[in-house]
Amino acid sequence: MAVIGAGRIGAVHAGNLVASGAQVVVVEPDERRGAQLAGRPGLAVVADLSEVGTVGGYVVCSPTDTHARVVSQVLDRRVPVLVEKPCCADPVTTRSLGAAADRWEVPLYIGFQRRFAPEYLALRDRVQQGSDRFTYAAFTSFDGAAPPTGYQVAGGSLAYDLQIHDVDLMLWIFGGPVVQVTGMQAELDEVPDTLLTSVRLANGVVCAIISKRMSGHGCEVYAELVGAQTTVRTADPARAGGYADFRERFAEAYAAEIRAFLAVVEGRTTATQLATWEDAAQAEGVCRAIESSLHRASAPTPATTPRAARGG
């Protein structure tokens, strides 16, 4: 297996692949990052994609603005591909890559690992059972810490970089389409920190999605569904002091996601919880609507003169 990119999430995926029994080559042009992984059993590091020989599949963890180019290159090798979210932070480009993957009959999946967290699986099962009519859902994600220096915020926004996880969960649990989106954002030290989005789905469900980058209690991620007969909440997974970051909070979900992808690579299954490129394009479309809503809200409005002050 090949992992492209040795940043935070690339290192997680590489470690989980090795733990699952795969031999792994990591592509990382940055010598410092590469050196942090070099020498681990079952893992080799190269500086360029051209140095990768025959592999069973690719996990793309490079910066988002490189995804279109990198994925196009590896699709040509005709093996399954898992791309970290967002696919391209642009639904048009994501659909173009997906169309190419379909033409070449290459499985193309997107890394929405929260689908593999048991608490969210339970929510989805509850909704699909149809035993209650849920009309409201709240998805909350507190990241706990700012990204490391030099981190490229996907698509330049909280919507594509952070909130897209809960957007995908919302669509996965309830289905779509989305008919109304309104976003509201707050800054901390002149940097986007908090994003509140309200969404109305065509099936009548309304959702509140709350994302915050800096939280004093660490990483906290949970959800609540309210129906006509009951309220369902995810079990609070936070321990004393919270989790340090998303990698710790979703460690088991990341491992399960990689096992599911390996099952596809090895031909053991095709029916998985993995998000498809179509799922990614839908979520990115909602994020685009969030961005448009924020832009409209920040646009200056024409000055008006109070009626009492007008002449005539």
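These numbers come from a predicted model, not from an experiment.

Before we move on, could you go through the sheet that holds strand β4 (residues 58-60) and cite the residues and values that matter?
Pairing is mixed across the open sheet formed by seven strands, whose spatial order is β3-β2-β1-β4-β5-β6-β13. The sheet is open, and its two edges are formed by β3 (43-46) and β13 (275-276), each paired on a single side. Bridge count between strand β1 (residues 2-4) and β4: three bridges; the pairing is parallel. The residue bridging Val 3 from the neighbouring strand is Val 59, located in β4.

Tell me about the packing of aromatic side chains, and name the residues and values.
Inspection of the entire model under this criterion finds one aromatic pair. Above the plane of the ring of Phe 250 lies Arg 249, whose end atom (NZ or CZ) is 4.3 Å from the centre.

Explain the sheet that holds strand β9 (residues 191-201) residue by residue, including any values.
With respect to topology, six strands assemble into an open sheet ordered β8-β9-β10-β7-β11-β12, the strand pairing being mixed. Two strands in the sheet have a free side with no partner beyond their single neighbour: β8 (178-188) and β12 (231-233). In this sheet, neighbouring strand axes are inclined to one another by 10 degrees on average, regardless of whether the strands run parallel or antiparallel. Across seven bridges, the pairing between β9 and strand β10 (residues 206-212) is antiparallel. Looking across to β10, one finds that Leu 196 is bridged to Ile 210. Strands β7 (134-142), β11 (220-227) and β12 of the sheet are contacted by helix α5 (residues 118-129), whose axis makes an angle of about 15 degrees with β11.

An account of unusual backbone geometry is needed here, citing residue identities and associated values.
Trans peptide bonds make up the majority, and among non-glycine residues the majority have a negative phi. Between Lys 85 and Pro 86 the backbone carries a cis peptide bond, its omega angle lying at -20 degrees. Inspection of the secondary structure assignment puts Pro 86 in the loop between β5 (81-84) and α4 (91-103). Its identity is not glycine, yet Glu 105 carries a phi of approximately 55 degrees, on the positive side. You can see Glu 105 is positioned in the loop between α4 and β6 (108-111).

I'd like a description of the pairing of strand β2 (residues 24-27), backed by residues and values.
In the case of a regular strand, side chains alternate between the two sheet surfaces. By the alternation rule, side chains of β2 split into Val 24 and Val 26 and Val 25 and Val 27, which are all buried. Pairing of β1 with β2, which is carried by three bridges, proceeds in the parallel orientation. The residue bridging Ile 4 from the neighbouring strand is Val 27, located in β2. Taken together, β1, helix α1 (residues 8-19) and β2 form a β-α-β motif whose crossover is right-handed. For the crossover that starts at β2, traverses helix α2 (residues 31-37) and ends in the parallel β3, the hand is right-handed.

For the pattern of salt bridges, give the residues involved together with the corresponding values.
Tallied over the full model, the rule gives 13 salt bridges. The residue Asp 76 makes a salt bridge to Arg 78 at a minimum N-O spacing of 3.3 Å. Of the residues examined, Arg 78 reaches a relative accessible area of 43% and is grouped as partly exposed. Here Arg 115 and Asp 279 are joined by a salt bridge, their closest N and O atoms 3.3 Å apart. Residue Arg 115 is located in the loop between β6 and α5, and its partner Asp 279 is located in helix α9 (residues 277-298); the two are separated by 164 residues in the primary sequence. Several salt bridges converge on common partners, so that one network encompasses Lys 85, Asp 143, Asp 161 and Arg 213.

Rules of the game
Residues numbered from 1 in each chain as written. Predicted model: local features only at pLDDT ≥ 70, side-chain atom pairs only at ≥ 80, totals over all residues. Heavy atoms only, no water. Pairing = 2+ DSSP bridges. Helix = DSSP H or I, 4+ residues; strand = E, 2+ residues; numbered from the N terminus. Phe/Tyr/Trp six-rings, centres within 6.5 Å; stacked < 30°, edge-to-face > 60°. Lys NZ or Arg CZ within 6 Å of the ring centre and 35° of its normal. Axes fitted to C-alpha atoms, helices over the stretch in contact; angles between N-to-C directions. Contact = heavy atoms within 4.5 Å. Buried < 20%, exposed > 50% of the residue type's maximum accessible area, 1.4 Å probe, protein only. Right-handed = clockwise from strand over helix to strand, strands pointing away. Salt bridge = Lys/Arg side-chain N within 4 Å of Asp/Glu carboxyl O.

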